[in-house]
Amino acid sequence: MNTVAGPRERLIRSAILMMRERGVSATGLSELLAHSKTARGSIYLHFPGGKSELMEQATLDAGRRISTQIDALVAHSSSPADVVRGLVAVWKQVLETSSYTAGCPIVAAAQSGSETPNIQAASATVFADWTRRLADALISAGIDSVTAASMGSVIISTVEGAIIQCRSTKSVQPLDDAAVILAELLER
């Protein structure tokens, strides 16, 4: 049975897609409403705080979706290096299939500016969750908890930075470089 997404879900999906391409500031309410095929009243019904609340929820939702991918990679990989290679492969596919227009919505949220601290806080929450998930995987592989926490953070920072470079250069080479170096570190 195929269910049709309601206005709240359509607004969140559209916000995620538009954030990935344009960033938070450049994503206007009129465009969000048109993209989501949602009536103007729906935004305030589902997100009384307006665009800021919608973008915060979209950030958290996008974070949960990517967390699910991280968990699947951890469950189906034989080593932390394979998790990194899998994460890089996912992002390479996103970048290549979007002609390098789709970046990470969490980075877009992090760059949203001081006028929207709730959106930046949501991005910090997501990055911390991803770091913890990777650290847990590293601990399970035998790495001590302090080193695992640092490595989880370095993995996220490196992959996210590589995504930004890939969009800029319209090449997946920065992600390929990140995968090689991170895998070498993890295999030591």
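Check the entry above for the structure.
Counting starts from 1 at the beginning of each chain's written sequence and moves along it residue by residue. Residue-level local features of this predicted model are given only where pLDDT is at least 70; pairs of side-chain atoms are given and counted only at 80 or more, and the full residue set underlies all totals for whole chains, interfaces and linings. Derived side-chain values reflect all non-hydrogen atoms in the structure, with water molecules and hydrogen atoms excluded from consideration.

(A) Region of interest: the overall build of the chain. Within the chain one finds nine helices and zero strands. A run of H or I in DSSP counts as a helix once it spans at least four residues, and a run of E counts as a strand once it spans at least two, with each numbered from the N terminus. Starting at the N terminus and ending at the C terminus, the chain contains elements arranged as α-α-α-α-α-α-α-α-α. It is over C-alpha atoms that the radius of gyration is taken, and the globule rule equals 2.2 Å times the number of residues to the power 0.38. Against the compact-globule benchmark of 16 Å for 188 residues, the chain has a radius of gyration of 17 Å, which places it among compact chains. For the chain, the spread of C-alpha atoms along the principal axes amounts to about 55 × 45 × 30 Å. A contact between two residues is defined here by any heavy atoms of the two lying within 4.5 Å. Summarising the internal contacts of the chain: among those between residues at least 6 apart in sequence, 64% fall at separations of at least 24. Every accessible area reported is derived by Shrake-Rupley at a probe size of 1.4 Å, with residue values counting cover from the shown protein chains alone. Entry remark: accessible area of the chain is about 9300 Å², with carbon and sulfur atoms responsible for 55%. Counting rule for charge: Lys and Arg are taken as positive, Asp and Glu as negative, and neither His nor the chain ends is counted. All charge positions are set by atom: Lys at NZ, Arg at CZ, Asp at CG, Glu at CD. Here the chain contributes 17 positive and 18 negative side-chain charges, whose respective centroids are spaced 8 Å apart.

(B) Up close: the environment of Ser 98. Its place among the elements puts Ser 98 in the loop between α5 (80-97) and α6 (105-110). For each residue, the accessible area found with a 1.4 Å probe, counting protein chains only, is set against the maximum for its type, and the residue is called buried under 20%, exposed over 50%, and partly exposed in between. For Ser 98, a relative accessible area of 17% translates into the label buried. When the C-alpha positions of Ser 98 and Glu 21 are compared, they lie 9.3 Å apart, and in sequence the two are 77 residues distant. Among the polar contacts listed, one links the side chain of Ser 98 to the backbone oxygen of Val 94, at a separation of 3.0 Å. N or O atoms closer than or at 3.5 Å make up a polar contact, with two conditions inside protein: a donor-capable atom paired with an acceptor-capable one, and, for residues adjacent in sequence, both atoms drawn from side chains.

(C) Up close: the environment of Ser 153. Tracing the sequence through the fold places Ser 153 in helix α8 (residues 145-169). Owing to a relative accessible area of 33%, Ser 153 belongs among the partly exposed residues under this scheme. Distance from Ser 153 to Thr 131, taken between C-alpha atoms, is 5.2 Å for residues 22 residues apart in sequence.

(D) Spotlight on the nonpolar core. Buried Ala, Val, Leu, Ile, Met, Phe, Trp, Tyr and Cys residues form a nonpolar core when they are joined through side-chain atoms within 4.5 Å. Within the largest apolar cluster, 53 residues are counted, with the highest numbers of intra-cluster contacts made by Leu 54, Trp 91, Trp 130, Ile 155, Val 159 and Leu 175. Going through the elements one at a time, α1 (7-22), α2 (29-36), α4 (51-76), α5, α6, α7 (117-140), α8 and α9 (173-187) are the ones with two or more residues in this core. Those residues in contact with Leu 54, other than ones at most four positions away along the chain, are Leu 11, Ile 12, Ala 15, Leu 32, Ile 43 and Phe 47.

(E) Looking closely at the pattern of salt bridges. Salt bridges are counted wherever a side-chain nitrogen of Lys or Arg sits within 4 Å of a carboxyl oxygen of Asp or Glu. Counting across every chain of the model gives 10 salt bridges. Across the pair Asp 82 and Arg 85 runs a salt bridge whose closest N-O atoms are separated by 2.7 Å. Of this pair, Asp 82 and Arg 85 are both found in helix α5, three residues apart, which corresponds to roughly one turn of the helix. Its relative accessible area of 34% is what places Arg 85 among the partly exposed residues. With its nearest N and O atoms 3.1 Å apart, the salt bridge here joins Asp 136 to Arg 132. Taken together, the residues span about one helical turn, with Asp 136 and Arg 132 both in helix α7 at a distance of four residues. Among the residues examined, Asp 136 registers a relative accessible area of 36% and is labelled partly exposed. Among the charged side chains, a network of salt bridges with common partners joins Asp 71, Asp 129, Arg 132, Arg 133 and Asp 136.

(F) Highlighting α1. To estimate the expected span of a helix, subtract one from its residue number and multiply by 1.5 Å. Compared with an ideal rise of 1.5 Å per residue, which puts 16 residues at 22 Å, α1 spans 21 Å between its outermost C-alpha atoms and is within 8% of the ideal. Inspection of α1 places Leu 11, Ile 12, Ser 14, Ala 15, Ile 16, Met 18, Met 19 and Arg 20 among the buried residues, and these make up the whole buried set. Buried residues along α1 sit against α2, α3 (40-46), α4, α5, α6 and α8. Gly 23 sits one or two positions beyond α1 and adopts a positive phi of about 90 degrees.

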